[in-house]
Amino acid sequence: MSNLLLDVNIIIDICIKRESYWQYALEALQRCQNTSGQVWIYTGSVQTLEYVLTGELIKETDKEISSKKAHKLAKDILERFCKQYNWLASLADDGNVWGDDDPEDAQLYKAVQRLSDGLLLTRDKRLLQRGSFAISPEQYTSITQEKKSIPFIELQRQQSLIRPQLEHNIHKVLHHGKYILGAEVQTLEEKLAEFVGVKHCIAVSSGTDALLIAMMALGIKQGDEVITTPFTFIATGEMIALLGAKPVFVDIDPRTYNIDPDKIEQAITTKTKAIMPVSLYGQCAEFDKINALAEKHQLPVIEDGAQSLGATYKGKQSCSLSTIGCTSFFPSKPLGGYGDSGACFTDNDELALLMRQIRVHGQDRRYHHPQIGINGRMDTLQAAILLAKLEIFPEEVEKRRLVGENYTKLIHDNHLRIISPHIEPYNTSVYAQYTIQVNHREDTIQKLNNTNIPTAVHYPVPLNQQPSLETKIFKLSIAEALSHKVMSLPMHPYLGIEEQKMIIQALC
Ligand SMILES: Cc1ncc(COP(=O)(O)O)c(C=O)c1O
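Residues numbered from 1 in each chain as written. Predicted model: local features only at pLDDT ≥ 70, side-chain atom pairs only at ≥ 80, totals over all residues. Heavy atoms only, no water.

### With respect to the site of the ligand
The cut-off we apply is this: The nearness test applies per residue and asks whether one of its heavy atoms lies within 4 Å of the molecule or strand. Identification of polar contacts relies on pairs of N or O atoms within 3.5 Å, with a donor-acceptor requirement for protein atoms, meaning one able to donate a hydrogen and the other able to accept it, and with residues adjacent in sequence counted only if both atoms are side-chain atoms. To measure how exposed things are, a 1.4 Å probe is used in the Shrake-Rupley method; for residues, cover is taken only from the protein chains shown. The numbering of helices and of strands both runs from the N terminus, where a helix is a DSSP run of H or I of at least 4 residues and a strand a run of E of at least 2.
Every one of the 14 residues lining the ligand counts as a neighbour, but Gly207, Thr208, Asp304, Ser328 and Lys333 are closest to it. Asp304 has a polar side-chain atom sitting 2.7 Å from a nitrogen atom of the ligand. Contact distances for the ligand include 2.7 Å between an oxygen atom and a side-chain N or O atom of Lys333. In isolation the ligand exposes 390 Å². Once the protein is present, 92% of that is buried. At the level of elements, helix H10 (207-217) and helix H11 (234-242) are the ones that each hand at least two residues to the shell around the ligand.

This is the structure:
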């Protein structure tokens, strides 16, 4: 697998079907794509492409075609060709080539080195002599390509789809220079609030900080208790403990892996200050029951929706279902950035204002701090990236749902002795993870690893057994038993049905 950057001569060969060259070139491109590689065209080549192809078309028709017509035809052909592949942006440093004998070649050679595992496909002898980053179509098709492996999470295909918008947004920030709470952060907050269907979104520095800020806004402090699930990522319990409060763990529903709402009431004491369910693996917890209980005991509810943005519960979006909803934009999350960030959501004006202040050191105006806060801001660059990703997020949510449902169907059709995820009929899951239950987990993982299929375990140790949070107050037999059985399969919106069949075949 490699990324191929195309020299102008390769593109022209294919466009005019130049005898004894074009088939080799096309074969190289197909080979690259068939082995999960990507084909790139350098934006700095546009003018040369246009000029050379127009000249070739005039030559080919023996000057019978006017240069205006040839130019139009050349643009049409190039547009069709380029649409099939990716544009590789020309960057500022690509201009530093005047000391080179051939500045245009030097630009291409610089550009290809930005690609990971990149090769410049050319038949230009001088370029081929520049070094090991240049390769001819004949050389490329004769090298043995690695067998395609299935990644656990694939972010490259998504990036190819949104690359122009992504680069546009990032460059805009580089030019305006407002790296902290720039305009992109507010735009993102408005768009996310609209997507989730709440009044306020507060963009923050991570999903972990979103939980911390939410609890700080609710005044949770030393000696308080917060009821939550033990079957989650450490951040959920960790942030409760960081505030000096006690995480009170309640066992889970064995079918959904979410907190069992029927076991919450027995855990409520006079010290209880909030209930914090997690919408695990992309499926919302049982909010009607949880909210009813919370109302009865006058407690706020915080949804840890780090894995569930895009999921719905009875037609309502995750993160709109309780007093405060929190999510994470960690890169592997359903809506993931290129670094850490997160968000808090609420309909409550007062809490929204407080969370905004806590995000900037508890400040209500410059250098005036009525309460303790943190540095919990989302970077402007991260917001710019998320804005590009948000545009295709609704389609990706749908794709994720289909991938999840295909897995479940394949498991059932193949009569595998595996428990597939149970999605409540009133829920839609965003399948942050596709997590199954098996009896002999180590053997199953080994079987999949032998065929180069990666797996993960979410999570091998329930929080009540983590040394930092250990508690033996309640019996948590379901969470403890399931932590030995769950394992997750590769999952992303672009996972093809053939790849899914290979994964299921490896489980048979
Ligand atoms: C359930 C849950 N809560 C909280 C977090 C923390 O989010 P972040 O990694 O953005 O801090 C995660 C992230 O993995 C998570 O899965």
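### Some words on the packing of H10 against helix H13 (residues 349-359)
A pair of packed helices can be characterised by two numbers: the angle between their axes and the separation between those axes. The following threshold applies: Geometry is summarised by axes, namely lines fitted to C-alpha atoms with helices restricted to the contacting stretch, and by angles between N-to-C directions that run from 0 to 180 degrees. Angle categories are assigned with fixed cut-offs, so that under 35 degrees is roughly parallel, over 145 is roughly antiparallel, 65 to 115 is roughly perpendicular, and the rest are oblique. Crossing handedness follows the turn of the near helix against the far one: under a right angle anticlockwise gives a left-handed crossing, and clockwise gives a right-handed one. The contact definition used throughout considers only heavy atoms, calling two residues in contact when any of these lie within 4.5 Å. Three residue categories are used. Nonpolar comprises Ala, Val, Leu, Ile, Met, Phe, Trp, Tyr, Cys and Pro, charged comprises Asp, Glu, Lys and Arg, and polar comprises the others, including Gly.
H13 packs onto H10 with a crossing angle of 125° between their chain directions and a minimal axis gap of 9 Å. Between H10 and H13, the angle falls in the class oblique. With respect to the hand of their crossing, H10 and H13 are arranged in right-handed fashion. Counted together, Ile213, Ala214, Met216 and Ala217 of H10 and Leu351, Leu354, Met355, Ile358 and Arg359 of H13 form the full contact between these two elements. Along the lines of polarity and charge, the residues of the contact of H10 with H13 split into eight nonpolar, no polar and one charged.

### A short note on unusual backbone geometry
Rules: Classification of residues uses two cut-offs on accessible area relative to the type maximum, computed with a 1.4 Å probe and protein chains only: under 20% is buried, over 50% is exposed, and between them is partly exposed.
That bond from His458 to Tyr459 is cis: its omega, 5°, falls within 30 degrees of zero. In this model, Leu181 sits at a positive phi of 50°, which is unusual for a non-glycine residue. Its place among the elements puts Leu181 in the loop between helix H8 (156-176) and helix H9 (183-196). Residue Leu181 is classed as partly exposed on the basis of its relative accessible area of 35%. Non-glycine residue Tyr281 carries a positive phi angle of around 60°. Its location among the elements puts Tyr281 in the loop between strand E9 (272-276) and helix H12 (287-296). On the basis of relative accessible area, Tyr281 is assigned to the buried category, the value being 6%.

Read these as layout, nothing more, since geometry by itself doesn't imply function.
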